[in-house]
Amino acid sequence: MKYIAQLLVAASLLTGSASLANQSPQDNDERWGDLGDGTFANPVLNADYSDPDVIRVGEKYYMTCSEFHFMGMPILESDDMVNWHIIGQVFDSIGLDGYSTMDKYGSGSWAPALRYHDGKFWIFVCTPGEGLFMATAENPAGPWSELYNVKNVSGWEDPCPLWDEDGNAYLGRSQLGGGPIIIHRMATDGKSLLDDGVKVYEGPTAEGTKLFKRDGYYYLSIPEGGVGTGWQTVLRSKSIYGPYEGRRVLETGSTNINGPHQGALVDTPDGNWWFFHFQSAGALGRVVHLQPVVWEGGFPIIGTDYDHNGVGEPMKISTVPLPSKTGTPVTPQTSDDFDSKKLGIQWQFNHNPDRSRISLESRKGWLAVAPLPAPGLRHCRNQLTQKLMGYRGEVMVTLDFAQMRAGDFAGLECIGNKFMAIGVKIDSKGVPQLCIESDGEQTSLEVVSDTSADCVYLRLDFDATAKKFQFYYSLDGTAFVKAGAVFEMSDGDWKGCRTGLFAYTGGNADDAGTAYFDNYNYKHDGN
């Protein structure tokens, strides 16, 4: 049974059996993902997989997304385009200035392209200040090659390669700020560009370039109009350099899905087509939708044209593209008991980690973090984060503070447009105190004295729809007490809210102790 029932919101869900064709696009339906009856509900992936790109290789589907200052870009796998799990990460750090000093919020990996060519998987991605990068792997789960700086330049975004049948290779991209679309000739090994590029299209905030070829035409699939207000445009030409004819193929229309654009057109082995796109969803970030596609007159028709203006609109419910091979609905991994020698693949560091301060082996079954100096949570290194997933959920973790020293602060965080945390801080006299941090301001709740095991249990409950978040703590793991007031969260620095773990010190690194974490238990309404 989905965890949403445990959160006592099942009564608010629609359970009617109205036909898909007659379903109102305005239904206030909070179902998402695989419904287990041959249909799925959008968002198909209710978490911040922003700027998604998806490809099919054989009978498998692979997805990646932009992650900005979080390390590093995930690779997800699916058999049916609906049920996804994480299998790898393209990189775990960016070896450039600022990424190890917590100074690159909103930078890092912007909208990427994922492709399969010549027996290899390829990633192309731009950082706004450092240029165009490329990595390859024979196995999408990794290992991936180190990021290769194809072009050291600022102001580029959203690259996509195309290897043509005649042996030529190209790279399309946009310019920071939303256009124009520029096409470069590229070396076939992807390691260099062969010219300064040709402008082929200019439109309102034209970005997110996706290049592909179909029936002898070169296609550009691009989002236009901005993150929360835009639409999807598809253009085609017999020449890579144009001129291009285009159509608007997906828009908000009469639905309540803002900015349905920027994603990937993908086919099935039997020739059916689907389109992945994002929706800007506040605290959740940019969640992923999946729409059916039919081709008419050389252009895709996406979703359903509810308002009959000739442009597709997002559907809430659709039949699944392919039969599920999982038997039960699957969502990306969340919980971690730290019993493995490696962190769960779902974890992402905020900026570059310092792995010398982290261990899963110093105490079996626990994650050990030695705090580094920081003036507050936003500047704390080694934050381990996960995406907020689902409309409602609960995260709980055990913190052992016995080895923490004066000035150390460690616990459970929630970050987005604000940096919020609950944890234990050791004061100057060595006394442990439960403490909340709210955007740099710390408030002590109580001295931790009534625990024989030197452990506290920390919890975050969230309702992303209502933008309501609440911390709790317990000294026995059973009776939980509210910690501070309910707070609101939204996205920030181009990413949705995240929850995770932190540890930093107000003193010197050499004087810091160690925080131990266990049983990170993350439930949401898609479980």
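Note that the structure is predicted; figures quoted are calculated from it, not measured. (Residues numbered from 1 in each chain as written. Predicted model: local features only at pLDDT ≥ 70, side-chain atom pairs only at ≥ 80, totals over all residues. Heavy atoms only, no water.)

Enquirer: Please clarify how the overall build of the chain should be interpreted in this entry.
Expert: A tally of regular secondary structure across the chain gives one helix and 39 strands. Taken against the 2.2 N^0.38 rule, which gives 24 Å for 527 residues, the C-alpha radius of gyration of the chain at 24 Å falls within 12% of a compact globule. Taken across its 527 residues, the chain has 60% of its residues classed as buried. Just so you have it, the chain exposes about 19,900 Å², and 47% of that area is on carbon and sulfur atoms. (Helix = DSSP H or I, 4+ residues; strand = E, 2+ residues; numbered from the N terminus. Rg over C-alpha atoms; globule rule 2.2 N^0.38 Å. Buried < 20%, exposed > 50% of the residue type's maximum accessible area, 1.4 Å probe, protein only. Areas by Shrake-Rupley, 256 points an atom, 1.4 Å probe, with all protein chains shown as cover.)

Enquirer: Can you walk me through the side chain of His184 in this structure?
Expert: For His184, the location among the structural elements is in strand S14 (residues 181-186). Its relative accessible area of 1% is what places His184 among the buried residues. A distance of 3.2 Å separates a polar side-chain atom of His184 from the backbone oxygen of Asp195. In this view, His184 contacts Trp156, Ala169, Tyr170, Leu171, Arg173, Leu193, Asp195, Asp196 and Gly197; residues no more than four positions away in its chain are not counted. (Polar contact = N/O pair within 3.5 Å; in protein donor to acceptor, adjacent residues only side chain to side chain. Contact = heavy atoms within 4.5 Å.)

Enquirer: Just checking my understanding: could you explain the environment of Ser324 for this structure?
Expert: Relative to the helices and strands, Ser324 is located in the loop between strand S24 (317-319) and strand S25 (348-350). Along the sequence, Ser324 and Gly492 sit 168 residues apart, while their C-alpha atoms lie 35 Å from each other. Excluding residues within four positions of it along the chain, Ser324 makes contact with Asp34, Asp80 and Asn83.

Enquirer: Got a minute to help me understand unusual backbone geometry in this structure?
Expert: The phi angle of most residues is negative, glycine excepted, and most peptide bonds adopt the trans form. For the bond running from Asn42 to Pro43, omega is 0°, close enough to zero to count as cis. Position of Pro43 relative to the elements: it lies in the loop between strand S2 (39-41) and strand S3 (53-57). Cis peptide bonds are those with omega within 30 degrees of zero, and the linkage from Met71 to Gly72 qualifies with -25°. Residue placement: Gly72 occurs in the loop between strand S5 (70-71) and strand S6 (74-78). Positive phi, close to 65°, is recorded for His351, a residue that is not glycine. By the secondary structure assignment, His351 is in the loop between S25 and strand S26 (358-359). Overall, the relative accessible area of 0% leaves His351 in the buried class.

Enquirer: Just checking my understanding: could you explain the pattern of salt bridges for this structure?
Expert: It is possible for side chains bearing opposite charge to pair when their charged atoms get close. All told, the structure shown has 24 salt bridges when counted by the stated rule. Close ionic contact of Asp53 with Arg115 constitutes a salt bridge, the shortest N to O distance being 3.0 Å. Here the residue Asp53 occupies a position in strand S3, and Arg115 occupies one in strand S8 (residues 113-117), the gap between them amounting to 62 residues. The residues Asp53 and Arg115 share a single accessibility class, namely buried. Bridged by salt links that share partners, the residues Asp48, Glu67, Lys387, Lys495 and Arg498 form one connected network. (Salt bridge = Lys/Arg side-chain N within 4 Å of Asp/Glu carboxyl O.)

Enquirer: Explanation requested: the confidence of the model for the chain in the structure shown.
Expert: Regions with low pLDDT carry predicted coordinates that are not meant to be interpreted in detail. For the chain, the mean per-residue pLDDT works out to 93, and 94% of the residues sit at or above 70. With pLDDT under 50 throughout, residues 1-22 is counted as low confidence; its partners more than four residues away or in other chains account for 32 contacts. (pLDDT = per-residue confidence, 0-100.)

Enquirer: Would you mind going over the sheet that holds S24 with me for this structure?
Expert: Pairing between the strands of a sheet is mediated by backbone hydrogen bonds and can be parallel or antiparallel. Across the sheet, which stays open at both edges, the three strands sit in the order S1-S2-S24 with antiparallel pairing between neighbours. Each edge of the open sheet is held by one strand with a lone partner, namely strand S1 (33-34) and S24. (Pairing = 2+ DSSP bridges.)

Enquirer: Explain empty space enclosed by the protein here, please?
Expert: To locate leftover empty space, one rolls a probe as large as a water molecule over the atoms. As enumerated under the stated definition, the model contains four cavities of 30 Å³ or more in all. Taken as a whole, the largest cavity encloses approximately 110 Å³ of empty space. The wall of the largest cavity is formed by 16 residues, among which Tyr49, Ile86, Gln346, Gln348 and Lys387 lie closest to the centre. When contributions to the lining of the largest cavity are tallied by element, the ones reaching two or more residues are strand S7 (85-89) and strand S29 (384-387). A class-by-class count of the residues in the lining of the largest cavity yields seven nonpolar, six polar and three charged. (1 Å grid on protein atoms, 1.4 Å probe; cavity = no way out; pocket = protein on both sides within 12 Å on 5 of 7 lines; lining within 4 Å. Points joined across faces, edges and corners; volume = space filled by probe spheres on them. Nonpolar A, V, L, I, M, F, W, Y, C, P; charged D, E, K, R; others polar.)

Enquirer: Looking at this model, I keep getting lost on the sheet that holds strand S18 (residues 231-237). Mind explaining?
Expert: The antiparallel open sheet is built from four strands, whose spatial order is S16-S17-S18-S19. Whereas interior strands pair on both sides, the edge strands pair on one side only; in this sheet they are strand S16 (210-214) and strand S19 (245-250). Averaged over all pairs of adjacent strands, the angle between their axes in this sheet comes to 25°, without regard to strand direction. Where S16 and strand S17 (residues 217-224) come together, five bridges link them in antiparallel fashion. Residue pairing across strands places Lys210 opposite Ser221, the latter belonging to S17. (Axes fitted to C-alpha atoms, helices over the stretch in contact; angles between N-to-C directions.)

Enquirer: Looking at this model, I keep getting lost on the pairing of strand S37 (residues 481-487). Mind explaining?
Expert: The two faces of the sheet receive side chains in turn, since in a regular strand these alternate between them. Bridge count between strand S36 (residues 468-474) and S37: four bridges; the pairing is antiparallel. Each bridged residue has a counterpart across the sheet, and for Phe469 the counterpart in S37 is Phe487. Once S36 ends, the chain turns through six residues before running back antiparallel as S37, passing Gly477 with a positive phi of about 80°.

Enquirer: Which parts of the structure should I look at to understand the environment of Glu441?
Expert: Within the secondary structure, Glu441 sits in strand S34 (residues 441-447). Here Glu441 falls in the exposed class, since its relative accessible area comes to 58%. Separated by 22 residues in the primary sequence, Glu441 and Phe419 have C-alpha atoms spaced 9.8 Å apart.

Enquirer: So what exactly am I meant to see when it comes to the nonpolar core here?
Expert: One finds Tyr49, Phe469 and Phe517 to be the most contacted residues of the largest nonpolar core, which totals 87 residues. Apart from the residues lying within four places of it in its own chain, the contact partners of Tyr49 are Met63, Cys65, Pro74, Leu76, Ile86, Arg286, Val288, Pro332, Lys387 and Met389. Core analysis: the second largest hydrophobic core is formed by 16 residues, Cys160, Tyr170, Ile183 and Ile222 among them. (Core = buried A, V, L, I, M, F, W, Y, C linked by side-chain atoms within 4.5 Å.)

Enquirer: Any chance you could explain the packing of aromatic side chains here in plain terms?
Expert: The way to describe two aromatic rings as a pair is by their centre distance and the angle between their planes. Scanning the entire structure with this criterion turns up 25 aromatic pairs. Plain terms: the ring middles of Phe409 and Tyr504 are 5.8 Å apart, the flat faces sit at 80° to each other, and that makes the pair edge-to-face. Highlighted residues: Phe409 in strand S31 (residues 408-415) and Tyr504 in strand S38 (residues 498-505), separated in sequence by 95 residues. A relative accessible area of 4% places Tyr504 in the buried class. The ring of Tyr217 is capped by Lys238, whose NZ or CZ atom sits 4.3 Å from the centre of that ring. The ring of Phe70 carries Arg498 above its face, with NZ or CZ at 3.7 Å from the centroid. (Phe/Tyr/Trp six-rings, centres within 6.5 Å; stacked < 30°, edge-to-face > 60°. Lys NZ or Arg CZ within 6 Å of the ring centre and 35° of its normal.)

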